[in-house]
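Structural characterization, general
Residue-level listing of the chains:
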Amino acid sequence: MKSDVIPPLHDFERIVFFTGAGLSAESGIPTYRGRGGIWNKYNYEDFACQRAFDRDPEKVWDFHDTRRERVAACEPNEGHRIIADVLRAKPDCIVVTQNIDGLHQRAGVDGSRVIELHGSLWRVRCDRDGVVVANEQVPINPRRCACGAYWRPDIVWFEDMLDGRVLERAGDALLKADAIVSIGTSGVVYPAADLPRIAVSKGAASFEINLEDTPVSHLYQHRLRMPASVALTQLLRPRQI
Ligand code: APR
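Residues numbered from 1 in each chain as written. Predicted model: local features only at pLDDT ≥ 70, side-chain atom pairs only at ≥ 80, totals over all residues. Heavy atoms only, no water.

**Overview of the layout of surface pockets**
In this structure, the largest pocket spans a volume of roughly 1100 Å³. If you go around the largest pocket, you meet 49 residues; those closest to its centre are A21, G22, T31, Y32 and R33. Class assignment for the residues of the lining of the largest pocket results in 25 nonpolar, 16 polar and 8 charged. When residues of the lining of the largest pocket are assigned to domains, at least three map to each of domain 1 (1-28 + 75-118 + 162-241) and domain 2 (30-73 + 123-155). Counted as a void, the second largest pocket has a volume near 390 Å³. Along the wall of the second largest pocket there are 19 residues; nearest its centre are E116, R123, D154, D163 and V166. Mapped by element, the contributors of at least two residues to the lining of the second largest pocket are strand 3 (114-116), strand 4 (119-126), strand 6 (151-155) and helix 8 (164-176). Of the residues in the lining of the second largest pocket, the class split is 8 nonpolar, 3 polar and 8 charged. (1 Å grid on protein atoms, 1.4 Å probe; cavity = no way out; pocket = protein on both sides within 12 Å on 5 of 7 lines; lining within 4 Å. Points joined across faces, edges and corners; volume = space filled by probe spheres on them. Nonpolar A, V, L, I, M, F, W, Y, C, P; charged D, E, K, R; others polar. Domains from an automatic or database assignment. Helix = DSSP H or I, 4+ residues; strand = E, 2+ residues; numbered from the N terminus.)

Structure below.
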């Protein structure tokens, strides 16, 4: 059901901002799919899965160092800043992101309120014993842990399982939500793409911000077909008197 009157976000207290690569597009970071998408240029089976890493860790690190360099040169955009403002004003709001770029945190959102479903470009994990450390070097140096094994980007690659504790935290937040705002995600990667259904099934108000329809658009009451920063500005308009 699509309603024409789009309620302002001020009406809600427990908003989950469910974000994808499209939110960072306006910062100059390429999305994964669609025009200029990363997976149009690179085959993820060569660069973003454990098999590729086991086969050629140097090649996978070259790819991820290039991504670190690109992301480090970008800034959070107006969309990230608006979300950070809402979280500052409303303590029960949270971000559930598929993004690994860390731009929510760089826009001022405390890391404890950013649930990173797919990990982060800015953490690495020892490929032998799994210890995870923050690492923001561009490029990373050395590429090996002190134990001699390679550091592995702490990113959920294709065929990886998502961390159950992260999924549980996201599910809890969505169960409690009175609104879910999906921003810039193609809704084709599971289990992330299934998560908004938790909030919608509990009767939360639902907004999908995207340039185009997605396979999950039917879930959302309100569909804003415009760039993320424009849509978020509209949703944050003052309450109608
Ligand atoms: N404003 C709003 N939406 C936008 C904008 C914009 N300026 N630019 C692009 N989009 C939309 C596109 O229409 C598309 O639907 O953002 C979406 C980006 O889709 P993807 O590139 O598939 O990104 P995402 O949905 O986050 O990918 C999910 O796939 O490769 C894996 O792990 C990776 O987390 C990623 C997951």
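Now that the structure has been shown, we can carry on.
**Concerning the nonpolar core**
By size, the foremost hydrophobic cluster in this structure holds 28 residues, and its most contacted members are Y32, W39, F53, W61, L121, W151 and W157. Three or more residues apiece are contributed to this core by two domains, here domain 1 (1-28 + 75-118 + 162-241) and domain 2 (30-73 + 123-155). Ignoring sequence-local partners within four residues, the contact set of F53 consists of V60, W61, D127, Y150, W151, R152, P153 and W157. Core analysis: the next-biggest nonpolar cluster, separate from the first, contains 27 residues, L23, I82, V109 and I183 among them. (Core = buried A, V, L, I, M, F, W, Y, C linked by side-chain atoms within 4.5 Å. Buried < 20%, exposed > 50% of the residue type's maximum accessible area, 1.4 Å probe, protein only. Contact = heavy atoms within 4.5 Å.)

**Brief notes about the site of the ligand**
In the region of the ligand, 21 residues are neighbours, and Y32, R33, T185, S186 and N210 sit closest. R33 is positioned with one of its side-chain polar atoms (N or O) 2.7 Å from an oxygen atom of the ligand. Contact between the ligand and G184: an oxygen atom at 3.3 Å from a main-chain N or O atom of the residue. A total of 730 Å² of accessible area belongs to the ligand in isolation, and the protein chains cover 92% of it. Given that more than half its atoms are within 2 Å of the pocket grid, the ligand belongs to the largest pocket. The element contributing the most residues to the shell around the ligand is helix 1 (residues 21-25), with 3 residues. For the shell around the ligand, a count of residues per class yields 9 nonpolar, 9 polar and 3 charged. (Near = heavy atom within 4 Å. Polar contact = N/O pair within 3.5 Å; in protein donor to acceptor, adjacent residues only side chain to side chain. Areas by Shrake-Rupley, 256 points an atom, 1.4 Å probe, with all protein chains shown as cover. Sits in = over half its atoms within 2 Å of the grid points.)

**Points about helix 5 (residues 57-72)**
The terminal C-alpha atoms of helix 5, which comprises 16 residues, lie 22 Å apart, in line with the 22 Å expected from a rise of 1.5 Å per residue. Listed as buried for helix 5 are P57, V60, W61, F63, H64, D65, R67, R68 and V71. Where helix 5 is buried, its residues contact helix 2 (38-41), helix 3 (44-47), helix 4 (50-55), helix 7 (103-106), strand 4 and strand 6. (Expected span 1.5 Å × (residues − 1).)

**Looking at the sheet that holds strand 5 (residues 132-134)**
In spatial order, the strands read 5-4-6; together these 3 strands make up an open sheet with antiparallel pairing. Each edge of the open sheet carries a strand with a single partner, namely strand 5 and strand 6. Averaged over all adjacent pairs, the angle separating strand axes in this sheet is 45°, with direction ignored. As paired elements, strand 4 and strand 6 share 4 bridges and run antiparallel to each other. Following the sheet pairing, C126 is matched in strand 6 by W151. Packing against the sheet, helix 5 makes contact with strand 4 and strand 6, and its axis sits at approximately 140° to strand 4. (Pairing = 2+ DSSP bridges. Axes fitted to C-alpha atoms, helices over the stretch in contact; angles between N-to-C directions.)

**Examining the sheet that holds strand 1 (residues 15-19)**
Across the sheet, which stays open at both edges, the 6 strands sit in the order 3-2-1-7-8-9 with parallel pairing between neighbours. What marks the edges here is a single partner per strand, and that holds for strand 3 and strand 9 (222-225). Here the strands of the sheet are splayed against their neighbours by 15° on average, with no regard to which way each runs. In terms of strand pairing, strand 7 (residues 179-183) meets strand 8 (residues 205-210) through 5 bridges, oriented parallel. Within strand 8, the residue paired with I183 across the bridge is I209. Here helix 6 (residues 78-89) sits on the sheet in contact with strand 1, strand 2 (94-97) and strand 7, set at roughly 155° to strand 1. Where helix 10 (residues 228-235) meets the sheet, its contacts fall on strand 1, strand 7, strand 8 and strand 9, and the angle it forms with strand 8 comes to roughly 150°.

Purely geometric stuff here, so don't read any function into it on its own.
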